[in-house]
Amino acid sequence: MNGTSTMMDFLEEPLPGVGTYEDFNTIDWVREKSRDRDRHREITSRSKESTWALIHSVSDAFSGWLLMLLIGLLAGSLAGLIDISAHWMTDLKEGVCLAGFWFNHEHCCWKSHTTFTDRDQCLEWRSWSQLILGHGEGAFAYILNYFMYVIWALLFSLLAVLLVKGFAPYACGSGIPEIKTILSGFIIRGYLGKWTLIIKTITLVLAVSSGLSLGKEGPLVHVACCCGNILCHLFTKYRKNEAKRREVLSAAAAAGVSVAFGAPIGGVLFSLEEVSYYFPLKTLWRSFFAALVAAFTLRSINPFGNSRLVLFYVEFHMPWHLLELVPFILLGIFGGLWGAFFIRSNIAWCRRRKTTKLGRYPVLEVLVVTAITALLAFPNEYTRMSTSELISELFNDCGILDSSKLCEYVNDFNSTKGDDLPDRAAGPGVYTAMWQLALALIMKVFITIFTFGMKVPSGLFIPSMAVGAIAGRLLGVAVEQLAFYHHDWAIFSGWCSPGADSITPALGGVVQGCPHALLAGGVTRMTVSLVVIMFELTGGLEYIVPLMAAAMTSKWVADAIGREGIYDAHIRLNGYPFLEAKEEFSHKTLAMDVMRPRRSDPPLTIITQDSMTVEDVETIINETTYSGYPVVVSRESQRLVGFVLRRDLIISIENARKKQDGIVSTSVIYFTDHSPPLPPSSPSMLKLRSILDLSPFTVTDQTPMEIVVDIFRKLGLRQCLVTHNGKLLGIITKKDVLKHIAQLANQDPDSILFN
């Protein structure tokens, strides 16, 4: 020690706040990982010392599975609550149950004693005109029902948008683009918080019930991730480590899809294929467990009363014919074209919303879109019903007792064998249903473009599936009737089973199982998880091969027109710092072309290891906005020692001034093991070696950028230092990489909004 100069090794104990991150910053995956490994090593070594330490070690290992169990239970319960409430409130627009206002239409009529001919009416359920006027017939009754439908729709959507605007602005949209960004290591505080969870759950029910062209699937992933994030706070291991928390969120996303579609395996694959950035094998098993528990919980609640996890389950076991691949592939092409058209139109509209006055009036926009949707939807029975019910109706394979318009075929009961209805001409009901469905298709296609991205929770899967299911049903009936009237054509003769007097084209799959998958595939560019979700949803294992062919066709067609899926397009529109792992970097640039400072810039801001005072460092912090600073041996040598984060410096200096005697503005800060020699009269020195990252990632100035981009993607780096012959030259941050990629793609590099 130098005479009277006392010196403490400050920060032997970690300070609260050191090693944490500010809002809108990227986490350092490498540092988080090494901290977790250190923690794990310490627990393992202590476990041999005492029984209590061994119990602590076992509970630490078990905590991940316990957390998955809790996430599954909570996500499943919330999904059941959302399903039941949305079902009831959707029916509330058309009428009310006299037996108990809390029953929806279907539950209300379960106890009803109706004859077979009156099976579509039940006395307990009253429409608004029957309740107010006493009768349900005539023009005035129709107008009153129409008026009540629009008023309820406007009321629900107004409540939803006001709650989002007032309490949780992050609860709007689908949430998947932001969750992808968060899982890639970005921090958006409050996005997965308790207020967002509460408001998203309530407003999702309101938005779905208002009849807007949106689904609840995307928002359910957001809800499940909120559950995961909130429950992480119960366990120190996950609360204090951002990288570990992201493993939990990946599993929570799988649980969200599991309850949205009743597809646990599809959920795990969705998390792996679409949202996760880092997905180790351990996370795969835990995702599987969380998805299983969530699906089991939802099945126990039984929200639809049919012992299924979804409203539109279908069982179809007829074998398919090779020629049927043609309509499947045609639907795949339609799906790809619609996907590309939807993404371009929706992004153009969202950009307009962002850059014009339109964005200032979210409440008005929601009300206008709801009013237009409700006014157009009510006259057509296929748009009046909820989208889930519409898909359920379209999935329906016509039996002999069906009263649906879609099943009004001309029956010849002499030729029928049992309940099997082979060749039948379409009756007037089918033709009416066809043009109503064609109108519904046009309306859904266009209204969804304006709905997705408004300030209410909105998913994209269900509207895409509806568009696909309508297209599939139209194509299915067209081919079926063609086969009926022209069964002598060579193309159809192969479909006849020998000895049968009928053409039985196995069109059920075209009509039901497949098309919506292709449309969702065209929009989101998912393939594997979508096919799995579709066969879990429809039980159509027979149709895996046509489904795969259709999903691939859809993806190829959509990729040929534009490379981005809808979620990636929204990430780019919002300027989130997301480094896409699927894109290839094919340009021949070097690290020196991208690093800062450039030739015209002022020199790099650095801190020396043992010659700067507290005042010098505070001046640097106040004059710059960088997230961290390289530490070098001296200004002359520029030899690199390590890297220190701005936030850690601020917290450590503030704490030292309060708690350590003799720390003043002229105190020297040093990052070495031993204090530098100073005169006896100098004030106490401040040792900050413990906050210094001694192994920052470095590349040389001649490193090709494709390798640098790969390093950033695979290791999840925040920054990388550039050296030349061992001397520090500059720094490349994740934002610099993103700007460089944007520049090479002829996009505006300043569109990367966040630090």
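That block above? That's the structure.
Residues numbered from 1 in each chain as written. Predicted model: local features only at pLDDT ≥ 70, side-chain atom pairs only at ≥ 80, totals over all residues. Heavy atoms only, no water.

**Q** Mind showing me how you'd approach the overall build of the protein chain here?
**A** Within the protein chain one finds 29 helices and 14 strands. Out of the 755 residues belonging to the protein chain, those deemed buried represent 55%. Split by element, the accessible area of the protein chain, about 33,600 Å² in all, is 62% carbon and sulfur. (Helix = DSSP H or I, 4+ residues; strand = E, 2+ residues; numbered from the N terminus. Buried < 20%, exposed > 50% of the residue type's maximum accessible area, 1.4 Å probe, protein only. Areas by Shrake-Rupley, 256 points an atom, 1.4 Å probe, with all protein chains shown as cover.)

**Q** Looking at this structure, how should I read the state of the cysteines?
**A** Where two cysteines share a covalent bond between their sulfur atoms, that bond is called a disulfide. Counting across every chain of the model gives one disulfide. Disulfide pairing is shown between cysteine 97 and cysteine 108; the S-S distance is 2.1 Å. The sign of the S-S torsion, about 80°, decides the handedness of the disulfide formed by cysteine 97 and cysteine 108: right-handed. On the criterion of sequence distance, the pair formed by cysteine 97 in strand E2 (residues 95–97) and cysteine 108 in helix H3 (residues 105–108) is long-range, its members being eleven residues apart. Since its relative accessible area comes to 3%, cysteine 97 is described here as buried. (Disulfide = S-S within 2.5 Å.)

**Q** Can you help me understand the packing of helix H26 (residues 614–623) against helix H27 (residues 646–659) in this one?
**A** Axis separation between H26 and H27 bottoms out at 11 Å; the angle between their running directions is 140°. Taken together, H26 and H27 sit at an angle that is classed as oblique. Relative to H27, H26 is oriented so that their crossing is left-handed. On the side of H26, the interface is formed by Val614, Val617, Glu618 and Ile621, while H27 contributes Arg646, Leu649, Ile650, Ile653 and Arg657. (Axes fitted to C-alpha atoms, helices over the stretch in contact; angles between N-to-C directions. Parallel < 35°, antiparallel > 145°, perpendicular 65-115°, else oblique. Left-handed = near helix turned anticlockwise from the far one by under 90°. Contact = heavy atoms within 4.5 Å.)

**Q** I tried to follow helix H14 (residues 362–377) on my own but got confused; where do I start?
**A** Here H14 is 16 residues long and its end C-alpha atoms lie 22 Å apart, about the 22 Å a rise of 1.5 Å per residue gives. All of the buried residues along H14 are Pro362, Val363, Glu365, Val366, Val369, Thr370, Ala371, Thr373, Ala374 and Ala377. (Expected span 1.5 Å × (residues − 1).)

**Q** Would you mind showing me how to read the pattern of salt bridges here?
**A** Two side chains carrying opposite charge are able to pair once their charged atoms lie near each other. Counted according to the given criterion, the structure contains 22 salt bridges. The partner of aspartate 60 in a salt bridge is arginine 39, with the nearest N and O atoms 2.9 Å apart. Of this pair, aspartate 60 sits in helix H2 (residues 51–92) while arginine 39 sits in helix H1 (residues 29–46), and the two are 21 residues apart along the sequence. For glutamate 365, the salt bridge is made with arginine 353, and the minimal N-O distance between the two is 2.8 Å. Here glutamate 365, found in helix H14, pairs with arginine 353, found in helix H13 (residues 325–355); they are twelve residues apart in sequence, far enough to count as distant. For the residue pair glutamate 365 and arginine 353, the accessibility class agrees, reading buried in each case. Linked through salt bridges whose partners overlap, the residues forming this network are Asp36, Arg39, Asp60, Lys237, Lys244 and Glu247. (Salt bridge = Lys/Arg side-chain N within 4 Å of Asp/Glu carboxyl O.)

**Q** Just to check I follow, could you spell out the sheet that holds strand E6 (residues 607–608) for this structure?
**A** Whether parallel or antiparallel, the strands of a sheet pair through hydrogen bonds between backbone atoms. Across the sheet, which stays open at both edges, the three strands sit in the order E6-E8-E9 with mixed pairing between neighbours. Among the strands making up the open sheet, the edge pair consists of E6 and strand E9 (640–645). As paired elements, E6 and strand E8 (residues 628–632) share two bridges and run parallel to each other. Bridging from a neighbouring strand, threonine 608 pairs with valine 632 of E8. (Pairing = 2+ DSSP bridges.)

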